[in-house]
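Architecture at a glance
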Amino acid sequence: DQQVKQNSPSLSVQEGRISILNCDYTNSMFDYFLWYKKYPAEGPTFLISISSIKDKNEDGRFTVFLNKSAKHLSLHIVPSQPGDSAVYFCAANFGNEKLTFGTGTRLTIIP
Amino acid sequence: DAGITQSPRHKVTETGTPVTLRCHQTENHRYMYWYRQDPGHGLRLIHYSYGVKDTDKGEVSDGYSVSRSKTEDFLLTLESATSSQTSVYFCAISPGGNTGELFFGEGSRLTVL
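Anyway, here's the lowdown on the structure attached to this text.

Conventions used here
- Residues numbered from 1 in each chain as written.
- Chains lettered and ligands numbered in written order.
- Predicted model: local features only at pLDDT ≥ 70, side-chain atom pairs only at ≥ 80, totals over all residues.
- Heavy atoms only, no water.
- Helix = DSSP H or I, 4+ residues; strand = E, 2+ residues; numbered from the N terminus.
- Buried < 20%, exposed > 50% of the residue type's maximum accessible area, 1.4 Å probe, protein only.
- Contact = heavy atoms within 4.5 Å.
- Buried area = accessible area lost by both parts, 1.4 Å probe.
- Salt bridge = Lys/Arg side-chain N within 4 Å of Asp/Glu carboxyl O.
- Polar contact = N/O pair within 3.5 Å; in protein donor to acceptor, adjacent residues only side chain to side chain.
- Nonpolar A, V, L, I, M, F, W, Y, C, P; charged D, E, K, R; others polar.
- Disulfide = S-S within 2.5 Å.
- Pairing = 2+ DSSP bridges.
- Axes fitted to C-alpha atoms, helices over the stretch in contact; angles between N-to-C directions.
- 1 Å grid on protein atoms, 1.4 Å probe; cavity = no way out; pocket = protein on both sides within 12 Å on 5 of 7 lines; lining within 4 Å.
- Points joined across faces, edges and corners; volume = space filled by probe spheres on them.

Turning to the environment of T105 of chain A, a few remarks are in order. All names here are of chain A. Counting through the fold element by element, T105 comes out in strand β11 (residues 105-110). Residue T105 is classed as buried on the basis of its relative accessible area of 3%. A C-alpha to C-alpha distance of 17 Å links T105 and T63, two positions 42 residues apart in sequence. Among residues more than four places away in sequence, those in contact with T105 are Q6, S8, P9, S10, L11, L21, A86, V87 and Y88.

A few words now on the interface of chain B and chain A. Taken together, the contact pairs 22 residues of chain B with 18 residues of chain A. For the pairing of chain B and chain A, the buried interface totals around 1700 Å² over both sides, and the portion due to carbon and sulfur atoms is 57%. Counting across the chain B and chain A interface gives zero salt bridges. One can count five residue pairs in polar contact (both at pLDDT 80 or more) joining chain B with chain A. Residue assignment for the side of chain B that touches chain A shows that the elements contributing at least two residues are β4 (31-38) and β5 (42-51) of chain B. Along the lines of polarity and charge, the residues of the side of chain B that touches chain A split into nine nonpolar, ten polar and three charged.

Note: disulfide means a covalent bond formed between the sulfur atoms of two cysteine side chains. Applying the stated criterion to the full structure yields two disulfides over all chains. Here C23 of chain A engages in a disulfide with C90 of chain A; their sulfurs sit 1.9 Å apart. Disulfide C23 of chain A to C90 of chain A: torsion about the S-S bond roughly 65°, handedness right-handed. Here C90 of chain A lies in strand β9 (residues 86-93) and C23 of chain A lies in strand β3 (residues 19-25), a separation of 67 residues in the sequence. Overall, C23 of chain A belongs to the buried group, its relative accessible area being 0%. The partner cysteine of C23 of chain B in its disulfide is C91 of chain B, sulfur to sulfur 1.9 Å.

Further remarks concern the sheet that holds strand β8 (residues 73-78) of chain B. Residues and elements named next belong to chain B. Overall, antiparallel pairing links the four strands, which are arranged β1-β3-β8-β7 in an open sheet. Each of the sheet's edge strands pairs with one partner strand only, and the pair in question is β1 (4-7) and β7 (64-70). Taken over all neighbouring pairs, the strand axes of this sheet differ in orientation by 15° on average, direction set aside. Here β1 runs beside strand β3 (residues 19-25); their pairing, made up of four bridges, is antiparallel. Of the residues in β3, the one forming a bridge with Q6 is C23.

Taken as a whole, the largest pocket encloses approximately 580 Å³ of empty space. Taken together, 27 residues form the lining of the largest pocket, with K38 and R106 of chain A together with Q37, P39 and R109 of chain B sitting closest to its centre. Looking at the lining of the largest pocket, the elements that each hand over two or more residues are β9 of chain A together with β4, β9 (87-94) and β11 (108-112) of chain B. Broken down by element, the lining of the largest pocket gets its largest block of residues, three residues, from β9 of chain B. Classifying every residue of the lining of the largest pocket by side-chain character gives ten nonpolar, ten polar and seven charged.

If you walk through the whole model with that rule in mind, you get seven salt bridges over all chains. D73 of chain B is paired through a salt bridge with R22 of chain B; the nearest N and O atoms lie 3.1 Å apart. Residue D73 of chain B is found in strand β8, and its partner R22 of chain B is found in strand β3; the two are separated by 51 residues along the sequence. Residue classification places R22 of chain B among the partly exposed residues on the basis of a relative accessible area of 33%. The partner of D38 of chain B in a salt bridge is R44 of chain B, with the nearest N and O atoms 3.0 Å apart. Each member of the pair, D38 of chain B together with R44 of chain B, is buried. Salt bridges sharing common partners tie together K37, R61 and D84 of chain A.

Below is the structure:
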């Protein structure tokens, strides 16, 4: 069963606008959610995380929102830049030293 | 950047042959992981290690074995490669605790013909 779901395989956004990537989960027993960014032919790199006791975390152009009642989190990128074009994965840390990843969303920023 | 090296970076092999992928770290992190990335499946955990000689299965462990005889090295072995094991394999490391952040290597692309 897919505990972490990213239902949008792809997303295209105009440069300078807001990109919103979504992630849903089924298991509420998590400690953290993390977002990773992946360029072609490279390994995933950590972007931002959010604790289960928070509902928002911000780092520069990146903000993650957590809605525990809806079991949903989202990553906002404002403003979007061409270098943001990549695949984004959300991942859950259920407190067992392992990360469970979603299937990823390919973000394309249109100049 | 975390010191993680995967080898080989690319490999083409035939069905039924054994394959070993190596992950080497210079960070002295306790935890090491092998994930595979496939279209439509994201990153799925194959095996992980929580110390020298201490390993456990992930969600897609069938057909794979691992070994960790030293802190710095984590080997993934396909005893008899099948076409379904064609994938990109990523090694990751973690010191443990806190957010659970993993640091990934650059990946090993394996093609099984």
